[in-house]
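Results of the structural survey
Letter by letter, the chains look like this.
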Amino acid sequence: MALFKRPTVGRPGEWYYCLKHQKVEEGPECRAADRLGPYATREEAAHAMETARERNVEWETDPKWHDTGAGQGKGGGEEE
């Protein structure tokens, strides 16, 4: 058990989604590593996992972030 517990940081009116407990919380109740947010509304926080999935698909299919051939770096459509 930790001798000193760090307080969670946040403001009332900010909403978070706790990954550990799979629930929405107002103001952070759980540690930062276990939550997504802050969100402006309870409803946005409730849809946090769906939002994260959608963003992951966007990023994974973004052509700017995939190598297109030998000698080209990420994000590059330009040749050297």
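Reading guide: rules and limits
- Residues numbered from 1 in each chain as written.
- Predicted model: local features only at pLDDT ≥ 70, side-chain atom pairs only at ≥ 80, totals over all residues.
- Heavy atoms only, no water.
- Core = buried A, V, L, I, M, F, W, Y, C linked by side-chain atoms within 4.5 Å.
- Buried < 20%, exposed > 50% of the residue type's maximum accessible area, 1.4 Å probe, protein only.
- Contact = heavy atoms within 4.5 Å.
- Helix = DSSP H or I, 4+ residues; strand = E, 2+ residues; numbered from the N terminus.
- Polar contact = N/O pair within 3.5 Å; in protein donor to acceptor, adjacent residues only side chain to side chain.
- Salt bridge = Lys/Arg side-chain N within 4 Å of Asp/Glu carboxyl O.
- Pairing = 2+ DSSP bridges.
- Axes fitted to C-alpha atoms, helices over the stretch in contact; angles between N-to-C directions.

Okay, the nonpolar core next. Core analysis: the largest hydrophobic core is formed by six residues, namely Trp-15, Tyr-17, Val-24, Tyr-39, Ala-45 and Ala-48. Other than its neighbours up to four places away in sequence, Tyr-17 contacts Gln-22, Lys-23, Val-24, Asp-34, Arg-35, Leu-36, Ala-45, Ala-48 and Met-49.

Glancing now at the side chain of Glu-14. Considering the arrangement of structural elements, one finds Glu-14 in the segment before strand 1 (15–18). Separated by 3.0 Å, the side chains of Glu-14 and Tyr-16 make a polar contact. Beyond its immediate sequence surroundings of up to four residues, Glu-14 is in contact with Glu-25, Glu-26, Gly-27, Pro-38 and Tyr-39.

Once that is clear, we can look at the pattern of salt bridges. A full pass over the atoms with the stated rule returns two salt bridges. Where Asp-34 meets Arg-31, a salt bridge forms, and the shortest distance between an N and an O atom there is 3.0 Å.

Our focus in this paragraph is the sheet that holds strand 2 (residues 23–26). Taking strand neighbours across the sheet as the criterion, the three strands line up as 2-1-3 in an open arrangement whose pairing is antiparallel. Here the strands that pair on one side only, and so sit at the sheet edges, are strand 2 and strand 3 (35–39). Between one strand and the next, the sheet's axes are offset by a mean angle of 25 degrees, whatever the strand orientation. Here four bridges tie strand 1 to strand 2, and the two strands are oriented antiparallel to one another. In the strand pairing of strand 2, Trp-15 is matched with Glu-26.

In this section: the environment of Ala-48. Residue position: Ala-48 is located in helix 2 (residues 48–60). In contact with Ala-48, not counting residues within four places along its chain, are Tyr-17, Leu-36 and Tyr-39.

To continue, consider unusual backbone geometry. With omega at 15 degrees, the peptide bond leading from Gly-37 into Pro-38 counts as cis. Looking at where Pro-38 falls in the secondary structure, it is placed in strand 3. Its identity is not glycine, yet Gln-22 carries a phi of approximately 50 degrees, on the positive side. If you trace the backbone, Gln-22 turns up in the loop between strand 1 and strand 2.

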